[in-house]
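Per-entry structural report
What follows is each chain in one-letter form.
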Amino acid sequence: MVGPYRGLFSMPGAKSFVVAGFVGRIPISMLGIGITLLVHSITGSFATAGAVSAIVSLAYAVAAPLSGRLVDRFGQARVLVPFVFVHGIALSGLMLLAHAHAPVWTLYASGALAGLSATSLGSMVRARWSHLLSNGDDTRGDSGKLHAAFSFESVADEVIFVTGPAFTAVLATSVNAYSGLIVAAVLTVVGTLAFSLLKSTEPPVVRHREQRGTPIAIPGVALLSAVMLAMGAVFGSVDIVTVAFAEEHGNKAAAGFLLACFSGGSMVSGLWYGARVWKITLRTRLVRGLVVFVAGLTPVLLMGNLGAMAVALFFAGLAISPTLITTFSLIERMVPAAQLTEGMAWLSTSIGFGVAVGAWAGGHLTDSYGPSNAYGFAYVCALLAMVVGVAGSSWLRTTVASETRS
């Protein structure tokens, strides 16, 4: 499985931006559980913790397309530097307000600012790969290498989601409730600034007068965004509910391990998926991935102890990375080069909206019905993603030539 990935890093500058991008986006997996554990430790309410976490995700979802459009217009570095400083200040403010036992609305306000100033660094890393592997003009480059690159980035995302929650949970439960968010803020600032300084691989600003409007107006992009919205709701609810499930079974610190199993299944399947040469179309792969996602989540509804839940979550995660890889590949083929960052950011914003809804619903359902029953919300959202993807898959035929180049 290593072969398809090995050649990627012989390209000038690739290793540097991959490492910096990896460090800068590690906190994406730390914020949700870090905020949940911090706010719950202060208020004692999963509903409040889920609401604050949801505000951060919702604000990020609103801002991501805007920051993506700004990047397409002005370049990555000019946008990332001011945004990351505001983000770091906002996270620091959130922790200080929590420490001072300030009113809950102040946590919402600082969380909103933290979300608004967050950037979709993963989309920008993928945009660099697309630029690096392109033919030097507005056409797409080696689709085989790009498939491997996007697969590698999805695997990197899953490594982040395997290690981030577990690391944050350990810090928050064994050091103090603030330590996870402190580490997240430092990694965000350091990684993003390092990424911004790597000018040699930064995609140039492409200005075409005829390219107006927004990528979300493309039917296929709208469809994929709807699918990602539903999948994001799965992720957001599983994060909150799993913390409560672990606490209900007497081991709150196990929440990080359980979430690592969920992401671990996705990481393993992502490595396998990216190493294969696929003959079926991207559209078919998307539909199959969504069906497997629903099937994999079914056993989660039936588990009654931590060991069984760890196994169930691992298998539930197997469809995540292949589905995300396929979705980003479809976006890369549908969206003009001058709008690529914004196009990919629409996926991030959709996932962010979904995570916000899922975190809010997961918190309230957990408080009202218990964590085992609250997992049913995640299952319903997975079903919705599958139905939308299958019913609207014909729109993806607008991906001109993607069927022959996938």
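Look above for the structure.
Residues numbered from 1 in each chain as written. Predicted model: local features only at pLDDT ≥ 70, side-chain atom pairs only at ≥ 80, totals over all residues. Heavy atoms only, no water.

A closer look at the pattern of salt bridges
For clarity, the cut-off: Any Lys or Arg side-chain nitrogen located within 4 Å of an Asp or Glu carboxyl oxygen qualifies as a salt bridge. Secondary structure elements follow DSSP: runs of H or I of four or more residues count as helices, runs of E of two or more count as strands, with numbering from the N terminus. Each residue is placed in one exposure class: buried if its accessible area under a 1.4 Å probe, protein chains only, is under 20% of its type's maximum, exposed if it is over 50%, and partly exposed if it falls in between.
As enumerated under the stated definition, the model contains 2 salt bridges in all. Where Glu 153 meets Arg 25, a salt bridge forms, and the shortest distance between an N and an O atom there is 2.6 Å. Here the residue Glu 153 occupies a position in helix H8 (residues 143–174), and Arg 25 occupies one in helix H2 (residues 14–25), the gap between them amounting to 128 residues. For Arg 69, the salt bridge goes to Glu 342, with nearest N and O atoms at 3.1 Å. Placement of Arg 69 in helix H4 (residues 46–74) and of Glu 342 in helix H15 (residues 340–369) is noted, with a sequence separation of 273 residues between them. For Glu 342, a relative accessible area of 5% gives the class buried.

Re helix H7 (residues 121–132)
Here is the rule we go by: One less than the number of residues in a helix, times 1.5 Å, gives the span that helix is expected to have.
When the terminal C-alpha atoms of H7 are compared, their 16 Å separation across 12 residues agrees well with the 16 Å that a helix rising 1.5 Å per residue should span. Summarising burial for H7: 10 of the 12 residues are buried, a large majority. For H7, the complete set of buried residues consists of Leu 121, Gly 122, Ser 123, Met 124, Val 125, Arg 126, Ala 127, Arg 128, Trp 129 and Ser 130.

Description of the nonpolar core
Stated precisely, the cut-off is as follows: By nonpolar core we mean a set of buried residues, namely Ala, Val, Leu, Ile, Met, Phe, Trp, Tyr and Cys, connected to one another through side-chain atoms within 4.5 Å. Should any heavy atoms of two residues lie within 4.5 Å, those residues are counted as being in contact.
Counting 81 residues, the largest nonpolar core has Trp 129, Val 234, Phe 235 and Phe 293 as the members making the most contacts within it. Looking at this core element by element, the count peaks at 15 residues for helix H10 (residues 219–248). The contacts of Trp 129, once residues within four sequence positions are left out, are Leu 8, Phe 9, Ala 14, Phe 17, Val 18, Leu 146, Ala 149, Phe 150 and Glu 153. Residues Val 39, Leu 94, Met 95 and Ile 160 belong to the second largest nonpolar core, which totals 21 residues.

A word on a nonpolar patch on the surface
This is how it is decided: Only residues whose relative accessible area exceeds 30% and that form no salt bridge are eligible for patches; like-charged ones are grouped when within 9 Å, while nonpolar side chains (Val, Leu, Ile, Met, Phe, Trp, Tyr) are grouped when within 5 Å. Accessible surface is estimated by sampling points in the Shrake-Rupley manner with a 1.4 Å probe; for residues, cover comes only from the protein chains shown.
On the surface, Leu 58, Val 62 and Leu 116 cluster together into a nonpolar patch covering about 240 Å² of accessible area. The residue Val 62 is located in helix H4 in this model.

Regarding the packing of aromatic side chains
Here is the rule: Each aromatic pair joins two rings of Phe, Tyr and Trp (for Trp, the six-membered one) with centres within 6.5 Å, and gets the label stacked for planes under 30 degrees apart, edge-to-face for over 60, and tilted for any other angle. Look at NZ for Lys and CZ for Arg. If either is within 6 Å of the ring centre and within 35 degrees of the ring normal, a charge sits over the ring.
As enumerated under the stated definition, the model contains 3 aromatic pairs in all. Pairing Phe 245 with Tyr 375 gives two aromatic rings, centres 6.0 Å apart and planes at 65 degrees, and the pair type is edge-to-face. In this pair, Phe 245 is assigned in helix H10 and Tyr 375 in helix H16 (residues 371–391), connecting sequence segments 130 residues apart. Phe 245 sits in the buried class, given a relative accessible area of 0%. Where Phe 314 meets Phe 315, the ring centres are 5.6 Å apart and the plane angle is 90 degrees; that geometry is what we call edge-to-face. Assessed through its relative accessible area of 48%, Phe 315 is described here as partly exposed. Seen from the ring of Phe 328, Arg 126 lies directly overhead, with NZ or CZ sitting 4.2 Å from the centre. When the ring centre of Phe 195 is taken as origin, the NZ or CZ atom of Arg 128, which lies over that ring, is 4.0 Å away.

These figures come from the coordinates and say nothing about function on their own.
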